[in-house]
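A closer look at the structure
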Amino acid sequence: MLTPFLSPCCTPFWNNVAKNLVCHLLIPDPHKRATVYTALKSFWIVADLAELEQAYRERIRSVAS
């Protein structure tokens, strides 16, 4: 389970990675703005992908049963 208060995502490195992604998503010019595909490939998302997939599968199993 994701634990933001204990996770390394609270370090200055992760804060900079997150800020970089958000800044690229907020660019007003759609030709310069990051796309959904770019965002999903960002290091901030990919780093926790295995944990997110596991949480998703557990949630699907709990809903299906």
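A brief look at the structure comes next. Computed from a prediction, not measured in an experiment: that's the story for all the values here.

What follows covers the overall build of the protein. Scanning the protein for helices and strands turns up 4 helices and 0 strands. Reading the secondary structure of the protein in the N-to-C direction produces α-α-α-α. Residue burial in the protein is summarised as follows: out of 65 residues, 11% are buried.

Residue position: Ala 34 is located in the loop between helix H1 (12–25) and helix H2 (36–40). For Ala 34, a relative accessible area of 16% translates into the label buried. As for Ala 34 and His 24, which are separated by 10 residues in sequence, their C-alpha atoms are 5.4 Å apart.

Each value, and the rule that gives it
Residues numbered from 1 in each chain as written. Predicted model: local features only at pLDDT ≥ 70, side-chain atom pairs only at ≥ 80, totals over all residues. Heavy atoms only, no water. Helix = DSSP H or I, 4+ residues; strand = E, 2+ residues; numbered from the N terminus. Buried < 20%, exposed > 50% of the residue type's maximum accessible area, 1.4 Å probe, protein only.

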